[in-house]
Amino acid sequence: MLTALAFALALGLAFFVVKPLLAAGTDEGTLPVDVTLETDLKRRRLVVYDNIQDLEFEYRARKIAPQDYQTLRETYTTEAAHLISESHEVDRQSTEEAFIEREVAARRVRRKAEVVPDYTCPKCGFENPLPVKFCGECGAKLGVRD
Amino acid sequence: MNQVGSIGVIAALAFGLYAVIAGVLGGRLRSLRITKSAERATLAFFVMVTLAVAALEYLILTDSFGSAYVASHSNRALPFYYKLPVLWSGQEGSLLFWTWLLSIYSALVVLMNRRRNRQLMPYVISILMGTGVFFSSLVLFVANPFTEVAIAGAGGALKSFTPPDGNGLNPALQYPSMVIHPPMLYLGYVGMVVPFAFAMAALITRQLGDNWIRTTRRWTMVPWMFLGFGIVLGGNWAYEVLGWGGYWAWDPVENASLLPWLAGTAFLHSVMIQEKRGMLKVWNIVLVIATFFLSIFGTFLTRSGIVSSVHAFAQSNIGPFFAVFLGIIVLFSVTLLFLRLDFLKSENQLDSVVSRESGFLFNNWVLLAAVFAVLWGTIFPIISKAIENQTVTVGAPFFNRFMIPIGLVLLFLTGAGPLLAWRKTSFQSIRQNFTIPLAAAVVATAVLYALRVRGFYVSMTVLLTAFVAVATIGEFYKGARTRQQTLHENFAQAVFNLTMRNTRRYGGYVIHLAIVILFVGFLGQAFKSETKGLMAEGDLMHVKDYTLRCESFGTGDTPNYEYERASLSVIRDGRALGLMEPEQRFYTASQQATSHVAIRTSPREDLYVVLAGQDPDSKKAIIQVFINPLVMWVWVGGVVFVLGTLLALVPSRVEREMAELRRQHEEALEIQNLDAEG
């Protein structure tokens, strides 16, 4: 009895394991990116800010001599400035990219919405190049479709 | 029930294999669906190994002596609380236990990374489950705990047989700290697979920023804490059970647990340089590989019986399998590391030799030197056997000659490191920070000389413990004073807020204080003394300022063992301190004897009394008395070590900000996914 239950449990788990593979639909999701350039820069900026805060604190606690404090502060500030400008650059690029993507998407939508009249002859299949009421090839009447 | 256990192991092995393949495929194809399936297989692996463990525990607790494992390692009279550890007392059970702990860690990794580290996870799963497949294969094919006792019947055919009672648990294991010591060590050994898996996944996916480092910091600290605490508990067991008056003998299996702990300590320090400065990227990967390798090597030494040790309860044929597995680990990880060297370039250079970074780096070298010294001494018997066909065992003097100086250098760095600034430290800063701790060290040494205590190592230990203690406490004091001045908090509030602002740093300082306390305990070893004598009822023994009077010496029995017991009343300075009752026990089922030491602990010293047996001529009790100064501080140090690590695990303000950033990123990803699906 117990052996049968253990066996059933293993089978149940096997179904649980393969279930994601059997899910309906063919559109398979891909694994998302863990770290983007943007978040990485933000994180590095946080680290430098934290370093500056620590430095200020250690200076006030008299752990760091004034000359060391000055040099280190300058180094960290420069580092932070670089990271900020890099972030801005990434932001600018991503804003531009987002703008382009938005434009492209909007155009696609507009295109879909636009009525494109079709002058292909339903009888002989000739694609009439101009808007006409009768087919230029076989003379059949064209029922213009939207 | 044996069948249920077998189904558990077979199914676990199948799920493990599936997870390895699905993980690789999911990672290669970047498929969410296959990765999800691999994650589910990891959870299924956990469920099935748990079933196998439950089946074995059931067999143990119900005294099912038809099971070969239960018959060899348990008996009816064994108290309930000693039946639980039967699971890990033998080879087969302990390998199953190892697999179970791995399955728990793996399931936790899956559950905690459902929304993060998505690109790393498929490969993390493959590596975790690759290890799982190795261990579950060992359990299934080499050391199976689910076999039945069989005897030859008529015509030589084997038939199952249920003996009336079992052989019993090794008496040395029938001790309270033995119930938790092995699980602690195992949790330490097994847990080191997680940082290794993340490091390898980062190498495979070329995501070699510090994302994997930040993810694995806690996953390294937890097993590191278990390993450290397990080592101290092991020392406590050796001290209270083995009856030789000490707690550390450089036994190969003790060393095996120390090795990954030392490598892990180096890793936990050097990751800070990568996080702060983007340096030592290759080095950190090497340390993760070394830590994992040494963990498996430790398990190998403990379980294979390849070197003789007090843990000789594991002698078997699993050695070659472990050797192959260790070879695969090295080959796989080192090849991968070489292939990815271009992605591991340092973002910065070392600015100055006198800086926090170089302090950490030096600490790493010394820790690695310690690893090599201990490793060399531990495997020397194997090497000598292979080369000269003669086993040469390296004893405590070898280890002490190397490890005492190395330990003292590490102790110095424990205090000096935090006093150095990142990037570079000028002479003025050094003078500012080092003056008071150095003054304390000089005063402590002067007091020692005034007390006529001599000896180079003793003086150095006192000098350095004073230096480190004052330097570390000074960090709390200076920080709290600064908060008081700027934020107008009271002192206690200031210490609390200071600690909570950066739990990692101040938790680390608490661990440094634990190391100081441990060294105070070690210092006592230089002053221990030993006396031996024969005693009958009414006899007195004088040891230092203690007087021991033998009140009785007799025998008795319990269902589990027979014993000889001496009752000794202890008097110091004319004041009765109570009764001490050392025993010699003879366990009926296993037919083995063990001593049960009587210890009177105080902060100053331990009075440690062993009943070594009965003198055959005089029929008197052979009493051995040790005065072990300061031993209590070793156990106190162990507890403070755990508390410090727990404190360092609490998320600090900076980490909370980082977590918020990550949460925002995850939310953005989810919106993107929804958009894509919509």
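Draft legend 1. Structural detail: the domain arrangement of chain B. Residue and element names in this part refer to chain B. Here chain B is described as being made up of domain 1 (1-150 + 160-169), domain 2 (175-341 + 359-383) and domain 3 (528-632). Just the C-alpha atoms count here: the centres of domain 1 and domain 3 sit 43 Å apart. Contacts between domain 1 and domain 3 engage 8 residues on the former and 4 residues on the latter. Summing both partners gives a buried area of about 380 Å² for domain 1 against domain 3, and 50% of it is carried by carbon and sulfur. Inspection of the domain 1/domain 3 interface yields 0 residue pairs in polar contact (both at pLDDT 80 or more). Taken together, the residues of the side of domain 1 that touches domain 3 sort by class into 4 nonpolar, 4 polar and no charged.

Draft legend 2. Seen up close, the pairing of strand β5 (residues 546-557) of chain B. Residues and elements named next belong to chain B. Bridge analysis of strand β4 (residues 540-543) against β5 gives 4 bridges, and the strand direction is antiparallel. Counterpart to M541 in the pairing with β5 is L548. Between β4 and β5, which follow one another and run antiparallel, lie 2 residues, and K544 among them has a positive phi close to 50 degrees. Sheet analysis places β5 next to strand β6 (residues 561-572), joined by 11 bridges and oriented antiparallel. Note that in β6 the partner of T547 across the bridge is I571. Linking β5 back to β6 in an antiparallel pair, the connection comprises 3 residues.

Draft legend 3. Focus on the interface of chain B and chain A. Contacts between chain B and chain A engage 64 residues on the former and 52 residues on the latter. Of the charged contacts in the structure, one is a salt bridge between A:E58 and B:R356, with a shortest N-O distance of 4.0 Å. Our enumeration of links across chain B and chain A arrives at 12 residue pairs in polar contact (both at pLDDT 80 or more). Contributing elements (two or more residues each) for the side of chain B that touches chain A: α1 (2-29), α2 (32-61), α9 (211-242), α10 (252-277), α15 (427-450), α16 (456-487), α17 (491-501) and α20 (653-677) of chain B. In terms of residue count, the dominant contributor to the side of chain B that touches chain A is α2(B) (12 residues). Residue composition of the side of chain B that touches chain A, grouped by class: 24 nonpolar, 20 polar and 20 charged.

Draft legend 4. Looking closely at the pattern of salt bridges. This model, assessed by the stated rule, comprises 21 salt bridges over all chains. Here B:R572 makes a salt bridge to B:E605, at a shortest N to O gap of 3.7 Å. Residue B:R572 is found in strand β6, and its partner B:E605 is found in strand β11 (residues 605-614); the two are separated by 33 residues along the sequence. For B:E605, a relative accessible area of 2% puts it in the buried group. Salt bridges sharing partners connect three or more residues here, namely A:D50, A:D54, B:K276, B:R501 and B:R505.

Draft legend 5. View of the sheet that holds strand β12 (residues 621-629) of chain B. Residues and elements named next belong to chain B. Across the sheet, 4 strands lie side by side as β3-β12-β11-β10; this open sheet has antiparallel pairing. Across the chains shown, the open sheet's two edge strands, defined by having one partner strand only, are β3 (529-535) and β10 (598-601). In this sheet, adjacent strand axes meet at a mean angle of 15 degrees when their direction is disregarded. Relative to β12, β11 runs antiparallel, the two being bridged by 9 bridges. From the neighbouring strand, V610 faces β12, where its bridge partner is Q624.

Draft legend 6. Focus on unusual backbone geometry. Residues and elements named next belong to chain B. Residue N117 is not a glycine yet carries a positive backbone phi of 50 degrees. Residue position: N117 is located in the loop between α5 (91-112) and α6 (121-142). The exposure class assigned to N117 is buried, which follows from its relative accessible area of 5%. For H488, which is not glycine, the phi torsion reads 55 degrees and is therefore positive. Turning to its location among the elements, H488 is positioned in the loop between α16 and α17.

Draft legend 7. Local environment of the packing of aromatic side chains. Residues and elements named next belong to chain B. Scanning the entire structure with this criterion turns up 40 aromatic pairs over all chains. Ring geometry for F135 against F322: centres 5.8 Å apart, planes inclined by 75 degrees, an arrangement best described as edge-to-face. On the criterion of sequence distance, the pair formed by F135 in helix α6 and F322 in helix α12 (residues 319-339) is long-range, its members being 187 residues apart. In this pair, the class of F135 matches that of F322, namely buried. Three or more aromatic residues joined by ring pairs make a cluster, and in this case those are W98, F134, F135, F293, F297, F300, F322 and F325.

Draft legend 8. Examining the nonpolar core more closely. Residues and elements named next belong to chain B. Ranked by size, the top nonpolar core spans 155 residues in total, and within it L96, V124, M200, W212, I285, I296 and F322 carry the most contacts. The residues that make up this core include at least three from each of domain 1 (1-150 + 160-169) and domain 2 (175-341 + 359-383). Filtering out sequence-adjacent residues up to four positions away, W212 remains in contact with L120, P195, F198, A199, A202, Q207, F267, Q274, N284, I285 and V288. The next biggest cluster of nonpolar side chains, apart from the first, holds 26 residues, and it includes F519, V610, F626 and V634.

Draft legend 9. Representation of the pairing of β11(B) in the model. Residue and element names in this part refer to chain B. Of all 10 residues making up β11, 8 are buried, and the element is well covered by its neighbours. Bridge analysis of β10 against β11 gives 4 bridges, and the strand direction is antiparallel. Bridge pairing links I599 to Y608 in β11. Linking β10 to β11, which pair antiparallel, is a turn of 3 residues. Between the end of β11 and the start of β12, which pair antiparallel, lie 6 residues, with K619 showing a positive phi angle near 60 degrees.

Draft legend 10. How the structure looks around empty space enclosed by the protein. All names here are of chain A. Under the defined criterion, the tally for this structure stands at 6 cavities of 30 Å³ or more. Taken as a whole, the second largest cavity holds about 110 Å³ of empty space. For the lining of the second largest cavity, the leading source of residues is helix α2 (residues 37-60), giving 4 residues. Residues that form the lining of the second largest cavity fall into these classes: 6 nonpolar, 1 polar and 5 charged.

Rules and cut-offs
- Residues numbered from 1 in each chain as written.
- Chains lettered and ligands numbered in written order.
- Predicted model: local features only at pLDDT ≥ 70, side-chain atom pairs only at ≥ 80, totals over all residues.
- Heavy atoms only, no water.
- Domains from an automatic or database assignment.
- Contact = heavy atoms within 4.5 Å.
- Buried area = accessible area lost by both parts, 1.4 Å probe.
- Polar contact = N/O pair within 3.5 Å; in protein donor to acceptor, adjacent residues only side chain to side chain.
- Nonpolar A, V, L, I, M, F, W, Y, C, P; charged D, E, K, R; others polar.
- Pairing = 2+ DSSP bridges.
- Helix = DSSP H or I, 4+ residues; strand = E, 2+ residues; numbered from the N terminus.
- Salt bridge = Lys/Arg side-chain N within 4 Å of Asp/Glu carboxyl O.
- Buried < 20%, exposed > 50% of the residue type's maximum accessible area, 1.4 Å probe, protein only.
- Axes fitted to C-alpha atoms, helices over the stretch in contact; angles between N-to-C directions.
- Phe/Tyr/Trp six-rings, centres within 6.5 Å; stacked < 30°, edge-to-face > 60°.
- Core = buried A, V, L, I, M, F, W, Y, C linked by side-chain atoms within 4.5 Å.
- 1 Å grid on protein atoms, 1.4 Å probe; cavity = no way out; pocket = protein on both sides within 12 Å on 5 of 7 lines; lining within 4 Å.
- Points joined across faces, edges and corners; volume = space filled by probe spheres on them.

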